[in-house]
Amino acid sequence: MMKVLEIVLAAALFMLVTPATAAEYQGKNIDGKKLAAKAYYYATGGVYDVQVSFRQNRATIYFDGGYQTTIQLKQRFITDPNDIEGFGKLGQIPLSNTFSIGLVYDNELVGNSHQPDLPLEGFWRISLDAQEIDNFINK
């Protein structure tokens, strides 16, 4: 058991010290700038007008009213600005560019049976505003 724990801790430490690289579109770094977008949430089918900022292999989605969520991108290299996929749930705190911890919002007591999570819960698709991303890239 101790050996397994040592291996897990060594892998986590490796991921924490591995150099991070920026999210890219057409070979350009797009980290840090908020861009207008639409975000589609698979669990509800909702489409939201949002702003998105990228940081390495994560995207933070900003909603009207000050709400936000951060998702793990499926790919750091963005090839289609209309089809950026990622996974994340509210309450997650990133520890590194691979690991995050989060709170589980569940009012049921431990041991009670409940419905399983939706298979696409936490899955998002982002579509960047075409004119805004072109202006940003062509600067």
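Preceding block: the structure.
Below you will find a few notes about this structure. (Residues numbered from 1 in each chain as written. Predicted model: local features only at pLDDT ≥ 70, side-chain atom pairs only at ≥ 80, totals over all residues. Heavy atoms only, no water.)

Moving on to the environment of Y25. Topologically, Y25 is positioned in strand β1 (residues 24-25). When its relative accessible area of 9% is taken as the criterion, Y25 is described as buried. Placed 108 residues apart in sequence, Y25 and I133 show a C-alpha to C-alpha distance of 9.2 Å. In contact with Y25, other than residues within four places in its own chain, are I30, I78, T79, P81, I133 and I137. Side chain to side chain, Y25 and Q26 meet in a polar contact 3.3 Å long. (Helix = DSSP H or I, 4+ residues; strand = E, 2+ residues; numbered from the N terminus. Buried < 20%, exposed > 50% of the residue type's maximum accessible area, 1.4 Å probe, protein only. Contact = heavy atoms within 4.5 Å. Polar contact = N/O pair within 3.5 Å; in protein donor to acceptor, adjacent residues only side chain to side chain.)

Strand order in the open sheet formed by three strands is β2-β1-β7, with mixed pairing between adjacent strands. Since the sheet does not close on itself, it has two edges, and those belong to β2 (28-29) and β7 (77-78), each with one partner. Bridge analysis of β1 against β7 gives two bridges, and the strand direction is parallel. Counted as the bridge partner of Y25 is I78 from β7. (Pairing = 2+ DSSP bridges.)

The subject of this paragraph is the pairing of strand β11 (residues 123-128). Taken together, the five bridges between strand β3 (residues 35-41) and β11 define a ladder with antiparallel strand orientation. Counterpart to Y41 in the pairing with β11 is W124.

We now examine the environment of N57. Secondary-structure assignment places N57 in the loop between β4 (46-55) and β5 (58-62). A residue is classified by how much of its surface remains accessible, and N57, at 14% relative accessible area, is buried. Considering only alpha carbons, one finds N57 and D31, 26 residues apart in sequence, at a separation of 9.4 Å.

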